[in-house]
Amino acid sequence: MGVLARVLRSVGGEEVLDRLASLPGSDLTSLLLALARRRAGALSGADVLRQYRSDRFVAPSSVPFPVLRAAEDRLLAALPSSFSVLGLAPVAPLGTCSAVAEMDQNNILSTMRGTEVAADPTNALALEAALLRQAGPDDVRLAAVQRVVRAQLFGGAGRFAHFTLFAAVSAGRDRGSLAFEHEHFAEHIAFLREACGDVEFRVTVLDPQFEVVRGDLPAEPSRRTGYYQGLCFKVFRDGVEIGDGGFVDWTARLTGNRKERLLISGVGVDRLATL
């Protein structure tokens, strides 16, 4: 916050930020595009190369492409035919992660056109699932493979500024007796076992009635759960976390229907590939 306060003092104070935030979206976009054009016009080729050399967001993946592609193909080949695979856009509406999944917007690469660079395909799949659920009564199963960007600075091996995620979501209406939850949780677990090989699941039950959904999978009661509800899980291979998932209320909030249910799961393709 100290940097922001210093910048605001140099341009006229806190009211400048308030006035910019209150601008209509199209007006703010026009202003930001003009600012970007002016700043880009002052750059030379050497300046661009200098940023390319040092900016963690633009460097190529450290995972060889054939290895990464093989992991993607393995996941897609194991996906049940009931799932529809989408080619998601590289950007999503502004607030897709912060409003839907309650992720800090500072961890998202926001754009100047009222969008944000994709940070998690499950959020975009949830938007599509909500539309499809409003159009028909049947359960919806969607999946995608997407290169995403996260702005927070991670340390340690296997942590990247941009990486590939495989995501699957199952959306439907509450059928009572946790029937939806039983069916789709079992389907996601079976798929992950088929796709990722010898993996270990650790399940956190957030609501005691979900114990019957967990079945005989190992429990991990101490996990910090974030946005999951009812039940969530992590996936490990060779002691390395490669994925997670659980039930969320995203489609219920998107559609305004408390009876809507959504199960999400994801796999870090880069991590799976390096194993």
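Owing to the predicted nature of the structure, the values given are computational and were not obtained by experimental measurement.

Draft legend 1. Structural view of the side chain of His188. Mapped onto the elements, His188 comes out in helix H8 (residues 179–196). Of note is the side chain of His188, whose polar atom sits 2.8 Å from the side chain of Ser265. In contact with His188, other than residues within four places in its own chain, are Phe83, Ala168, Val169, Ser170, Leu263, Ile264 and Ser265.

Draft legend 2. Layout of unusual backbone geometry. With phi around 55°, Ser177 is a residue other than glycine that occupies positive phi space. By the element assignment, Ser177 lies in the loop between strand S5 (162–173) and H8. For Asp238, which is not glycine, the phi dihedral falls at a positive 55°. Asp238 sits in the exposed class, given a relative accessible area of 60%.

Draft legend 3. Representation of the packing of helix H5 (residues 65–78) against H8 within the structure. In the contact formed by H5 and H8, the axes pass within 8 Å of each other and the chain directions differ by 140°. Between H5 and H8, the crossing angle belongs to the class labelled oblique. Between H5 and H8 lies a crossing whose hand is right-handed. Residues Arg74, Leu75 and Ala78 of H5 lie in contact with H8, whose contacting residues are Phe191, Glu194, Ala195 and Cys196. Its residues assigned to classes, the contact of H5 with H8 comprises five nonpolar, no polar and two charged.

Calculation criteria
Residues numbered from 1 in each chain as written. Predicted model: local features only at pLDDT ≥ 70, side-chain atom pairs only at ≥ 80, totals over all residues. Heavy atoms only, no water. Helix = DSSP H or I, 4+ residues; strand = E, 2+ residues; numbered from the N terminus. Polar contact = N/O pair within 3.5 Å; in protein donor to acceptor, adjacent residues only side chain to side chain. Contact = heavy atoms within 4.5 Å. Buried < 20%, exposed > 50% of the residue type's maximum accessible area, 1.4 Å probe, protein only. Axes fitted to C-alpha atoms, helices over the stretch in contact; angles between N-to-C directions. Parallel < 35°, antiparallel > 145°, perpendicular 65-115°, else oblique. Left-handed = near helix turned anticlockwise from the far one by under 90°. Nonpolar A, V, L, I, M, F, W, Y, C, P; charged D, E, K, R; others polar.

Purely spatial values, then, with no claim about function.
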